[in-house]
Amino acid sequence: MNYSQAKEKSLLVEWKIGTCSQGEQCWCRTISPVEPILFEDGDFQEEYHILVGGELSKEIVEHIVALHNQNIKNQSKNQTD
């Protein structure tokens, strides 16, 4: 899978919150797919991340991930109705 395909797939799966290398005490948070999404980057395979550390505060990331995951659940529910 290429980067564009990984990006598209990431919008269809639930996300999780992580920490940067500083750990829980740091103000920032990361966002990644719950299950790793790998893409080809030249001769290497990379893991796709939605947001890397140092970009958004914990509170904002928690809000974004909650909204995204609720949207995924709603879409899944609508498909089964």
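Because the structure is predicted, anything quoted here is derived from the model rather than measured. Sequence positions are assigned chain by chain, starting from 1 and proceeding in written order. Where local features are concerned, this predicted model is filtered to residues with pLDDT of at least 70; where side-chain atom pairs are given and counted, the filter is 80 or more; whole-chain, interface and lining totals use all residues. No hydrogens and no water enter the side-chain calculation; it runs on all heavy atoms of the structure.

Visitor: Got a sec to walk through helix α2 (residues 58–80)? Specific residues and values, please.
Guide: Each helix is a run of H or I in the DSSP string that is no shorter than four residues. Each strand is a run of E no shorter than two, and both are numbered from the N terminus. A helix's residues, less one, multiplied by 1.5 Å, set its expected span. Counted at 1.5 Å a residue, the expected span for α2 with its 23 residues is 33 Å, and the 33 Å between its end C-alpha atoms agrees. Those residues of α2 that sit buried are Val61, Val65, His68, Asn69 and Ile72. Lining the buried residues of α2 we find α1 (3–10), β1 (15–18), β2 (28–33) and β5 (51–57). Between buried and exposed lies partly exposed: a residue is buried under 20% and exposed over 50% of the maximum accessible area for its type, with that area taken using a 1.4 Å probe on protein chains only. In what follows, a contact means two residues having at least one pair of non-hydrogen atoms within 4.5 Å.

Visitor: Hey, could you go over the nonpolar core for me, with residue numbers and the actual values?
Guide: For this analysis, a nonpolar core means a set of buried residues of the types Ala, Val, Leu, Ile, Met, Phe, Trp, Tyr and Cys, connected via side-chain atoms within 4.5 Å. Core analysis: the biggest nonpolar cluster contains five residues, these being Trp15, Ile31, Leu51, Val61 and Val65. Those residues within four positions of Ile31 in sequence are excluded, and the remaining contacts are Trp15, Lys16, His49, Ile50, Leu51, Val61, Ile64 and Val65.

Visitor: Give a detailed account of the sheet that holds β1, specifying residues and quantitative values.
Guide: Paired strands, in this sense, are two strands between which DSSP finds at least two bridges. Read from one edge to the other, the open sheet built from three strands follows the order β1-β2-β5, with strand pairing classed as antiparallel. Each edge of the open sheet carries a strand with a single partner, namely β1 and β5. Across the sheet, the axes of successive neighbouring strands diverge by a mean angle of 40°, strand direction being ignored. Axis definition: a line fitted to C-alpha atoms, limited for helices to the stretch in contact. Angles are taken between N-to-C directions and run from 0 to 180 degrees. Set on the sheet, α2 makes contact with β1, β2 and β5; between it and β5 the angle comes to about 115°.

Visitor: Provide a residue-level description of the side chain of His68, including the pertinent values.
Guide: Position of His68 relative to the elements: it lies in helix α2. Setting aside its immediate chain neighbours within four residues, His68 contacts Ser10, Leu11, Val13, Glu14 and Trp15.

Everything listed here is a matter of coordinates, which is why it stays silent on function.
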